[in-house]
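Results of the structural survey
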Amino acid sequence: MRCTVAFCCAMLPCIICASEPAALDITPDIKRLKSRFVDVLNTSARPRHPWMTIRRGGYIAVDLQKFAPISRQPDRTSPIMDLSMHMTHGTLAMEYSDEHSSWNIIPTKFFKQNLTDFASYSAHYGKWKVVINAIKLFSRIAHNDLHAINALAFLVKNGVFLPSREDRISAARLFHYVAELGNDPCAQYNYGLCLEAGNGVEQDREEAAKYYERSAEQGCALAQFRYGVCLRIGVGLSQPDLVGAAQYDKSSAEQGNPLAQCDYGRCLDEGTGVAQDVKEAVRYYKLSADQGYDIAQFNYGECLIQGFGIEQNEVEAVKYLELSAAKGNAKAQFRYGECLELGRGVAQNIAKAVEYYKLSAAKGNANGQCRYGVCLEFGRGVAQNIAKAVKYYKLSADQGNANGQCRYGECLYEGIGVEQNIAKAAEYFRRSADQGDADAQFRYGVCLYEGVGVKQDAKKAAEYFKLSADQGDAYAQFRYGVCLYEGIGGARNEEKAAEYLKLSADQGNADAQCSYGFCLENGLGVAKDKAKAREYYERSAAQGNDGAQSRLTYLDK
């Protein structure tokens, strides 16, 4: 859409009065930015974002429905909330929009300086657009209207054209100007963002925190959240202030900031800076999730699927996990894929599950990488590809994922899809075992027991067998039972040995069935019972155990 040059010609008479500090003289910035706006408005250049349109007469419209979602913002601030904060200052105008509506400008002073008013009003009436009249905007700037200067900085930073280094510097200077001369909370917040990111100004996180604090104290929800983050990580402090961080999170959350709601929910969840209250945490997660924040959607979905602080509801959980996954949340993509694979709260769909595992893996999620590797190794929902599976196992393992470490260790141990390396396999088993993976504990125990890939150590082997056995691993229960029976790595204990052998046998381990049958036959650590011994021998023999078959032959004599 093309605008005429006429409306821009007399936009900017005298800009700033001489009494303003020279250090904050923004006259050159505004002159240069005016020229940039003229170029965009007169050439119908495509705006920086698809949610922005330029109309005849110098109007710039932003469709809030299509405005960049929260999850796409690197600093996790909501651009819709950011923009609505400007609206409450009366700089911008808003209109109800449908296919039959006209471009009617509504005075934004109708709304109080409260994000909740804006959210409820726009939700009630449907789709809203922010409309900036460039002629009036620059006219107000000419009269040193601080709110208009603030809006100009916002548009440069977020909207009408891809900003150059000089544009970013100008935007930062404008924010600084309004923040100081007008003590404006919105400008203070935005200038804090510039300082924190080094966007148009030298990076200075401590100075950013000061501006966030000034804005937060005036009630800016976004600044309260950012200042809470600063307190939590200890920016400008000798040590983090977790209590203060939680308080600012709560203040921001109560104004409807979805990021703060999620963060405050986490504080309540973990008891960080505030008394632990799981049910209240879930409530805040839901408030945030229902505003579309992907991290909160994942957190709330997890609570529902586990019955954590709320009644378990897998069907409802899947809805939130799917929403989060659709926004690109890697954790949610993995968990939603898991639900699809297992048919938890949704119809089983292994092929679709693999798609989500792959998406999660591509974003670097260690769980997703490992699970996608499993699907590739066994051709589950995807064509089998051992070499590719090993690649994903290693990616997961090198991020410290216990399951990935164990599976990559197995590949190294057996030489599956990678050159065999027993010593390296043992090291990956150890890393996984020390994180509590039962399978890795058993496998590392075997390495220690046999002195394969690592120095032989029967005592340590027995310790790892016990760790795995106590998590229910049948193979480890058998091996630990043998260690106890023979006094390997510790004192001999027939009673304990029989106990672990029975646990393994009852899980179907043929060797354990035979060994436990021998204990029953001879009264070793358990009351003698030849009839029961025969039952265990028969179960073992049915699985092809030669020792059990021999004992049955002996009993039949």
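Source: prediction; values computed, not measured.

One can describe the packing of helix 24 (residues 474-486) onto helix 25 (residues 494-505) by two numbers: an axis separation of 8 Å at closest approach and a directional angle of 160°. One finds that helix 24 runs roughly antiparallel with respect to helix 25. Helix 24 and helix 25 meet at a crossing whose hand is left-handed. Side by side, helix 24 and helix 25 meet where A474, Q477, F478, Y480, G481, V482, L484 and Y485 of the first sit next to E494, K496, A497, Y500, L501, L503 and S504 of the second. Residues belonging to the contact of helix 24 with helix 25 are distributed by class as follows: 10 nonpolar, three polar and two charged.

As a packed pair, helix 20 (residues 402-414) and helix 22 (residues 438-450) sit with axes 10 Å apart at the nearest point and diverge in direction by 35°. In this structure, the crossing between helix 20 and helix 22 has a hand that is left-handed. Seen from helix 20, the contacting residues are C406, E410 and Y413; seen from helix 22, they are D439, A440, R443 and C447. Partitioning the contact of helix 20 with helix 22 into residue classes produces four nonpolar, no polar and three charged.

Moving on: helix 17 (residues 350-362). End to end, helix 17 covers 18 Å across 13 residues, agreeing with the expected 18 Å (1.5 Å per residue, within 8%). Within the span of helix 17, buried status applies to A353, V354, Y356, Y357, S360 and A361. Summarising the axial view, the buried residues of helix 17 lie within an arc of 165°, below the 170-degree limit, and thus occupy one face. Considering only its buried residues, helix 17 is in contact with helix 15 (314-326), helix 16 (330-342), helix 18 (366-378) and helix 19 (386-397). Immediately beyond the C-terminal end of helix 17, within one or two residues, lies G364, with a positive phi of roughly 90°.

Parameters at a glance
- Residues numbered from 1 in each chain as written.
- Predicted model: local features only at pLDDT ≥ 70, side-chain atom pairs only at ≥ 80, totals over all residues.
- Heavy atoms only, no water.
- Axes fitted to C-alpha atoms, helices over the stretch in contact; angles between N-to-C directions.
- Helix = DSSP H or I, 4+ residues; strand = E, 2+ residues; numbered from the N terminus.
- Parallel < 35°, antiparallel > 145°, perpendicular 65-115°, else oblique.
- Left-handed = near helix turned anticlockwise from the far one by under 90°.
- Contact = heavy atoms within 4.5 Å.
- Nonpolar A, V, L, I, M, F, W, Y, C, P; charged D, E, K, R; others polar.
- Expected span 1.5 Å × (residues − 1).
- Buried < 20%, exposed > 50% of the residue type's maximum accessible area, 1.4 Å probe, protein only.
- Arc of directions from axis to C-beta.

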